[in-house]
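Listed below, chain by chain, are the residues.
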Amino acid sequence: MRKKIHHKKKTSATKKWSAKLHLWFGLSVGIIVFIVSLTGTLYVFKDEVQNSLRKKAIYVKQEDSGKKPLSITILREKVSLEANEKYPINSVEVSLDKNKSYRFLYYEKNKKGWNYFQEVLINKQVYVNQYTGEILGIYNEKYDFFNILKYIHWGLLLNSDWGKYVVGIPTVLFIIMLITGIILWWPKNKKARKGRFWFSWENVKTWKRKNYDLHNILGFYASFIAILISITGTYFAYPYVKNAFNLALSGASELPKEKEIKSPDSLIAKNEMVFDLAALQTEKLYAGSSSFRISLNGKNKKGKEFKNLPVTIYGQDGRFSERNLLVFDKYSGKLLANKPHHQLNNAEKYANANYDIHTGSYFGIVGKIIWFITGLICTSLPVTGFLVWWGKRKKQGKKI
């Protein structure tokens, strides 16, 4: 009686090319993927850690919270004297929680610096008791652990103009690796599917098989959120990604440009209380918000001069997605424009939300936990993937 000959099913061309791309890209950018994933993972709970460590600086004494706050101009002078910096104060963040202190920010950049430490000239935060003028804490954000983590994540501590591409290109390749990984994971039949969703290690003794399962199974579960994280990361790095989002969401490749409002009071003497007038009106209009930020040096982070006085209002603590904008005359403090969040088009709303989606904070504490776990798995993938390749390489070498 003839024995039945079982022909091995040929691997499809899609899986063959997926395997090659997955391997080539993994070996070429694995170390960068490891660094970017690790720094991003450690950054997820930055707000929770810092708020705990800086509790004494963030909150004022209960007996002070019932008093009337000092003028922002007076507080700015006190901070300038205390900090004794050659650079002007950039802005102040005012919390609508009366128990929280004011936060004055110094920020200055040197575009010619080739690395982070040369590019960022100063990045300081000064917490002030707005009722007494007492300095509660001065933090040099330039050398802060989380800030350094962030800039390693963004551009490996290189100049932000081109460092983003050093990270951006491997991120694009990582997206391809995640997609090809899903293709390689996809089971051929129902029998093969059983061992793809969870670990079956009862009869497995070799570390190679366990390592393969860790890479294969954990990689599958993390890949979908990892793709979302990676795409939102490329949104920061590449203008064409941002333009594609804008086009898909609002039908135009660019966000609407802010209309320039000419100051009607530019010929009158500047009101000394202009910042306080702006703050008072902001509190009335957006009483249910978390905090707002007022520019004090008349320039944005890129060094461009404002024609008027913008005030950015944040809807929730630790989130940037819900942002409102007020524009005041920088001489008289009159309200010139009000741009609430709900009036923004979809592309503008997404532009505000992208950072929160990227970090997981958009989905609250549950989102942060999921993003953190996903980040840990992504950090492990280059390691387990390299060990899979190394194990196969050694096995092939023995056969020869």
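Predicted, not measured: the structure shown is a model, and the values here were computed from it.

Criteria and thresholds
Residues numbered from 1 in each chain as written. Predicted model: local features only at pLDDT ≥ 70, side-chain atom pairs only at ≥ 80, totals over all residues. Heavy atoms only, no water. Helix = DSSP H or I, 4+ residues; strand = E, 2+ residues; numbered from the N terminus. Areas by Shrake-Rupley, 256 points an atom, 1.4 Å probe, with all protein chains shown as cover. Buried < 20%, exposed > 50% of the residue type's maximum accessible area, 1.4 Å probe, protein only. Pairing = 2+ DSSP bridges. Phe/Tyr/Trp six-rings, centres within 6.5 Å; stacked < 30°, edge-to-face > 60°. Contact = heavy atoms within 4.5 Å. Salt bridge = Lys/Arg side-chain N within 4 Å of Asp/Glu carboxyl O. Axes fitted to C-alpha atoms, helices over the stretch in contact; angles between N-to-C directions. Parallel < 35°, antiparallel > 145°, perpendicular 65-115°, else oblique. Nonpolar A, V, L, I, M, F, W, Y, C, P; charged D, E, K, R; others polar. Core = buried A, V, L, I, M, F, W, Y, C linked by side-chain atoms within 4.5 Å.

## Structural notes on the overall build of the protein chain
Thinking step 1. The secondary structure content of the protein chain amounts to 13 helices and eight strands.
Thinking step 2. With respect to the three principal axes, the spread of C-alpha positions in the protein chain is 105 × 45 × 40 Å.
Thinking step 3. Split by element, the accessible area of the protein chain, about 23800 Å² in all, is 60% carbon and sulfur.

## So, the pairing of strand β3 (residues 120-128)
Thinking step 1. By the criterion of burial, β3 is predominantly enclosed, with eight of the nine residues buried.
Thinking step 2. The pairing of strand β2 (residues 102-109) with β3 spans eight bridges and is antiparallel. Each residue of the ladder has a partner; that of Y106, found in β3, is K124.

## A word on the pairing of strand β6 (residues 309-314)
Thinking step 1. Within β6, five of the six residues are buried, which leaves the element mostly enclosed by the surrounding structure.
Thinking step 2. When strand β5 (residues 291-295) meets β6, the two strands line up antiparallel, connected through four bridges. Paired with S291 across the strands is Y314, a residue of β6.
Thinking step 3. Relative to strand β7 (residues 323-328), β6 is paired through six bridges, and the arrangement is antiparallel. Among the inter-strand pairings, T312 is bridged to a residue of β7, identified as L325.

## Structural notes on the packing of aromatic side chains
Thinking step 1. As enumerated under the stated definition, the model contains 26 aromatic pairs in all.
Thinking step 2. When the ring of Y235 is compared with that of F236, the centres are 6.4 Å apart and the planes differ by 85°; the resulting orientation is edge-to-face.
Thinking step 3. When its relative accessible area of 3% is taken as the criterion, Y235 is described as buried.
Thinking step 4. By relative accessible area, F236 is classed as partly exposed at 37%.

## Concerning the side chain of T180
Thinking step 1. By the element assignment, T180 lies in helix α7 (residues 160-185).
Thinking step 2. Judged by relative accessible area, which is 5%, T180 ranks as buried.

## Thoughts on the environment of S95
Thinking step 1. Examined against the element boundaries, S95 turns out to sit in strand β1 (residues 91-95).
Thinking step 2. With relative accessibility at 13%, the residue S95 sits in the buried group.
Thinking step 3. Along the primary structure S95 and E258 are separated by 163 residues, whereas in three dimensions their C-alpha atoms are 26 Å apart.
Thinking step 4. Those residues in contact with S95 that sit more than four places away from it in its chain are K100, S290 and S291.

## Brief notes about the pattern of salt bridges
Thinking step 1. The final tally for this structure, using the stated rule, is 13 salt bridges.
Thinking step 2. Note that D64 and K67 form a salt bridge whose closest N and O atoms lie 3.1 Å from each other.
Thinking step 3. Among the ionic pairs, R209 bridges to D213, the shortest N-O distance being 3.2 Å. Residue R209 and its partner D213 are located together in helix α9 (residues 207-237), separated by four residues, close to a single helical turn.
Thinking step 4. Judged by its relative accessible area of 3%, D213 falls in the buried class.
Thinking step 5. In the salt-bridge network here, residues are joined through shared partners; they are R54, E141 and D144.

## A short note on the packing of helix α4 (residues 72-83) against helix α11 (residues 274-285)
Thinking step 1. Across the interface, α4 lies against α11 with an axial gap of 7 Å and an inter-helix angle of 120°. Classed by the angle they form, the pair α4 and α11 counts as oblique. Here α4 contributes I72, T73 and R76 to the contact with α11, which in turn contributes F275, D276 and A279.
Thinking step 2. Residues of the contact of α4 with α11, tallied by class, amount to three nonpolar, one polar and two charged.

## Quick notes on the sheet that holds β2
Thinking step 1. With antiparallel pairing, the eight strands of this open sheet are ordered in space as β4-β3-β2-β1-β5-β6-β7-β8. Only two strands of the sheet have a single partner each, and these edge strands are β4 (135-140) and β8 (335-339). Sheet twist, expressed as the average angle between the axes of neighbouring strands with direction ignored, equals 20°.
Thinking step 2. Direction of pairing for β1 relative to β5: antiparallel, over a ladder of five bridges. The residue of β5 that forms the bridge with S95 is S291.

## Comments concerning the environment of G181
Thinking step 1. Summarising the element assignment, G181 is placed in helix α7.
Thinking step 2. Distance in space between the C-alpha atoms of G181 and H22 is 6.8 Å, their sequence separation being 159 residues.

## Re the packing of helix α6 (residues 145-155) against α7
Thinking step 1. Interhelical geometry of α6 versus α7 gives an angle of 70° and a closest axis separation of 6 Å. By the angle between their axes, α6 is roughly perpendicular relative to α7. Contacts between α6 and α7 involve I152, H153, W154 and G155 on the former and, on the latter, G163, K164 and V167.
Thinking step 2. When its residues are assigned to classes, the contact of α6 with α7 shows three nonpolar, three polar and one charged.

## Remarks on the nonpolar core
Thinking step 1. Counting 28 residues, the largest nonpolar core has I72, V92, F104, F292, I294, L296 and V311 as the members making the most contacts within it.
Thinking step 2. Listed by contribution, the elements that provide at least two residues to this core are α4, β1, β2, β3, α11, β5, β6 and β7.
Thinking step 3. Setting aside anything within four residues of it in sequence, one finds I294 in contact with I72, S91, V92, F275, A279, L309, P310 and V311.
Thinking step 4. Formed by eleven residues, the second largest nonpolar core is a distinct cluster that contains V33, L173, F174 and M177.

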